[in-house]
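So you can see what is in the structure, the chains are spelled out below.
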Amino acid sequence: MMGLYDFMDEAIATELGVDLDTYTHVIEDLCTLEEAGFIIDNIWQENGDIDASKDLFYKRLNKS
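Computed from a prediction, not measured in an experiment: that's the story for all the values here.

One recurring pattern in soluble globular proteins: nonpolar side chains tend to sit buried together. Ranked by internal contacts, the top residues of the largest apolar core, which has 13 residues, are Leu16, Val18, Tyr23, Ile39 and Phe57. When residues no more than four places from it in sequence are discounted, the contact partners of Tyr23 are Asp9, Ile12, Ala13, Leu16, Val18, Ile40 and Phe57.

Right, dumping it as structure tokens:
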């Protein structure tokens, strides 16, 4: 059974255009706590800056 956080992670990964494993790796291993919060918060907010979240996410992904 999927829990709420599993659902949220899957939805954010989909919005970012990556699979769940890639999303988890970037958020947990490559981002600072503040960067991870920025990415997640802006995707969940109704008027969040999704483009800025994607830019930061891919910046961290491409550094690895």
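That covers the picture; the talk isn't over yet.
Here the focus is the side chain of Asn42. Here Asn42 is to be found in helix H3 (residues 33-44). A polar contact of 3.0 Å, which involves the side chain of Asn42, links it to the backbone nitrogen of Asp49. Ignoring any residue separated from it by four or fewer positions in sequence, one finds Asn42 in contact with Gly48, Asp49, Ile50 and Ser53.

What follows is about helix H4 (residues 50-63). In this model H4 runs 20 Å from its N-terminal to its C-terminal C-alpha over 14 residues, within 8% of the 20 Å that 1.5 Å per residue would give. Residues Ser53, Leu56, Phe57 and Arg60 constitute the buried set of H4. Viewed end-on, H4 has its buried residues packed into an arc of 100 degrees, placing them on one side of the element. Exposed positions of H4 whose direction lies more than 90 degrees from the buried face are Asp51, Asp55 and Asn62. Elements that come into contact with the buried residues of H4 comprise helix H1 (4-16), helix H2 (20-30) and H3.

All right, on to H2 then. Turning to H2, its buried residues number three or more, namely Tyr23, Val26 and Ile27. In an axial view of H2, the angular spread of the buried residues amounts to 90 degrees, which keeps them on one side of the axis. In H2, the exposed positions that point more than 90 degrees away from the buried face belong to Asp21, Glu28 and Asp29. Buried residues along H2 sit against H1, H3 and H4. With a side-chain oxygen lying 3.0 Å from the backbone nitrogen of Asp21, the N-terminal cap of H2 falls on Asp19.

Before going further, it helps to examine the packing of aromatic side chains. Summed over all chains, the structure comprises two aromatic pairs. With a centroid separation of 5.4 Å and 85 degrees between ring planes, the pair formed by Phe57 and Tyr58 is classed as edge-to-face. Judged by its relative accessible area of 28%, Tyr58 is partly exposed. Counting every residue linked through ring pairs, the aromatic cluster contains Tyr23, Phe57 and Tyr58.

Thresholds, definitions, all that
Residues numbered from 1 in each chain as written. Predicted model: local features only at pLDDT ≥ 70, side-chain atom pairs only at ≥ 80, totals over all residues. Heavy atoms only, no water. Core = buried A, V, L, I, M, F, W, Y, C linked by side-chain atoms within 4.5 Å. Buried < 20%, exposed > 50% of the residue type's maximum accessible area, 1.4 Å probe, protein only. Contact = heavy atoms within 4.5 Å. Helix = DSSP H or I, 4+ residues; strand = E, 2+ residues; numbered from the N terminus. Polar contact = N/O pair within 3.5 Å; in protein donor to acceptor, adjacent residues only side chain to side chain. Expected span 1.5 Å × (residues − 1). Arc of directions from axis to C-beta. Phe/Tyr/Trp six-rings, centres within 6.5 Å; stacked < 30°, edge-to-face > 60°.

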